[in-house]
Each structure stands twice: as C-alpha cells, then as structure tokens.
Amino acid sequence: MSSTGAALRGHHAALQEGLSELRARRDELSGRIQSEEAERGRLQARIATLSRRLSDTSENLAGLRSARAHIDRTIAEIDTASGKVL
C-alpha cells in the first residue's frame, strides 16, 4: 500500500508542477494580450486622427481646386475678351 501511496504522491506532485507551468504560461499570455490590446487601442486612436486629417485635407483640396477652376475660367474669359478687342 505504501508503494501505491508513493506513486499517488508522485503523480500528484507531477500534476501540481504541470498546473504551475500552465498557470505561468497563462500569466505570460495574459500579459502579452494586454500589451497587444494596448497597441491596438493606440493604433485605433491614430487611425481616427489620421482619418480626420485626411478628411480635412480632402475638403481643403476640394476648395483649392474649386478656386483654381474659377481662376482658370476667369483667365479664359479675359483671353477671349482680349482677343476680340485686338
């Protein structure tokens, strides 16, 4: 019976060691998950900032193109009028 008890204690010790290793691995993974989640949050915030900047730049660009088109029309009208005068 004592050999059976010793065998059971040996198995129990091996199980405890295995559980300790699994818990350590879980803790390591939890830390990595937290790091990745933090990085994801930083990247999402950066994407939001860049999206706003892109939108603002697109609006500014549209306004500049509109102003340039207006100037192009004015130049064409003046060139046409100037040609008629000469």
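Since this is a predicted model, take the numbers as computed values, not measurements.

1. Some remarks on the environment of E77
So, step 1. Among the structural elements, E77 can be located in helix α1 (residues 2–85).
So, step 2. Judged by its relative accessible area of 55%, E77 is exposed.
So, step 3. Once the C-alpha coordinates of E77 and R32 are considered, the two residues, 45 residues apart in sequence, prove to be 66 Å apart.

2. Observations regarding the pattern of salt bridges
So, step 1. Under the definition given, this model contains four salt bridges.
So, step 2. R26 is the partner of D27 in a salt bridge, and the nearest nitrogen-oxygen pair spans 4.0 Å.
So, step 3. The shortest N-O distance in the salt bridge between E39 and R42 comes to 2.9 Å. Placement of the pair is E39 and R42 together in helix α1, with a separation of three residues, close to one helical turn.
So, step 4. What emerges from the salt-bridge pattern is a single network uniting R25, E28 and R32.

3. Considering the UniProt feature "coiled-coil region" (unreviewed entry) in the chain
So, step 1. Taking the UniProt record as the reference, the feature "coiled-coil region" (unreviewed entry) is found at residues 12–53.
So, step 2. The span residues 12–53 is 100% helix and 0% strand, and its two end C-alpha atoms sit 61 Å from each other.

Rules used in this analysis
- Residues numbered from 1 in each chain as written.
- Predicted model: local features only at pLDDT ≥ 70, side-chain atom pairs only at ≥ 80, totals over all residues.
- Heavy atoms only, no water.
- Helix = DSSP H or I, 4+ residues; strand = E, 2+ residues; numbered from the N terminus.
- Buried < 20%, exposed > 50% of the residue type's maximum accessible area, 1.4 Å probe, protein only.
- Salt bridge = Lys/Arg side-chain N within 4 Å of Asp/Glu carboxyl O.
- UniProt positions renumbered as here; feature names shortened; annotations may be inferred.

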